[in-house]
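Here's the letter readout for the chains.
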Amino acid sequence: MTIKILSAKQFATKLKATIQASGRLGFTDETAKALDLASGKFAKFAKDEENDVLYLIIIDNEDEDAFQIKLSSSYYYVPTRQLFDMLGFDYENNTIMFDLIRQPSHDADLAGQVYRMKPRINPRKDKKNDDIEL
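Structural notes, computed from the coordinates. Every value quoted in this text rests on a predicted model; they were computed, and no experiment measured them.

A closer look at the sheet that holds strand β8 (residues 94–102)
What links the strands of a sheet is backbone hydrogen bonding, and the strands pair in either a parallel or an antiparallel sense.
Moving on, step 1. Reading across the sheet, the 9 strands line up as β5-β3-β4-β9-β8-β1-β2-β7-β6 and stay open at both edges, with antiparallel pairing between neighbours. Two strands lie at the open edges of the sheet, namely β5 (67–68) and β6 (70–72), each paired on one side alone.
Moving on, step 2. Pairing analysis gives 4 bridges linking strand β1 (residues 16–19) to β8, with the strands arranged antiparallel. The residue of β8 that forms the bridge with K16 is D99.

Description of the environment of G26
Moving on, step 1. Looking at the element boundaries, G26 is found in strand β2 (residues 25–27).
Moving on, step 2. Note: C-alpha distance between G26 and V78 (52 residues apart in sequence) is 6.6 Å.

Notes on the pattern of salt bridges
Any two side chains of opposite charge can pair, given that their charged atoms come close.
Moving on, step 1. For the structure on display, the rule yields 7 salt bridges.
Moving on, step 2. K44 serves as the salt-bridge partner of D63, at 3.0 Å between the closest nitrogen and oxygen. Placement of D63 in the loop between β4 (53–59) and β5 and of K44 in strand β3 (residues 42–48) is noted, with a sequence separation of 19 residues between them.
Moving on, step 3. On the accessibility criterion, D63 (26% relative accessible area) is partly exposed.
Moving on, step 4. For K44, a relative accessible area of 16% corresponds to the buried category.
Moving on, step 5. Across the pair D99 and R120 runs a salt bridge, and its minimum N-O distance is 3.0 Å. With D99 in strand β8 and R120 in strand β9 (residues 113–123), this residue pair connects regions lying 21 residues apart in the sequence.
Moving on, step 6. Assessed through its relative accessible area of 21%, D99 is described here as partly exposed.
Moving on, step 7. Residue class for R120 comes out partly exposed when judged on its relative accessible area of 39%.
Moving on, step 8. Counted as one network, the salt bridges with shared partners bring together D36, K41 and D60.

What counts, and where the lines are drawn
- Residues numbered from 1 in each chain as written.
- Predicted model: local features only at pLDDT ≥ 70, side-chain atom pairs only at ≥ 80, totals over all residues.
- Heavy atoms only, no water.
- Pairing = 2+ DSSP bridges.
- Helix = DSSP H or I, 4+ residues; strand = E, 2+ residues; numbered from the N terminus.
- Salt bridge = Lys/Arg side-chain N within 4 Å of Asp/Glu carboxyl O.
- Buried < 20%, exposed > 50% of the residue type's maximum accessible area, 1.4 Å probe, protein only.

Remember that the coordinates give geometry; whether it matters functionally is a separate question.
As structure tokens, then:
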């Protein structure tokens, strides 16, 4: 029998990303550090249409299907406006936050670090200045 300890340290960081009112996908500082984000990295998205699950895939090399991860003053973001428009996310009227859940079993198939994007959607309280908050 093989028994493995599941360390609390592994589950201590809450990985989150938020669709800004501009349509950008922004990452909290804690998430950017945990995902080892940098301006030279890229993000791809995949959708399991059968189960309606969206995935974020972090990769190191440019790819025709990938978005470049960008840095704006103090936070990392991905320019995803058209993607989220196509997926039907109403980010202008709602605060849409994703809990990112690591899915290492998909890494080989999707060729990167894979995270399931579990959405939390709430009506937006104030449309002004919310591009700054995550």
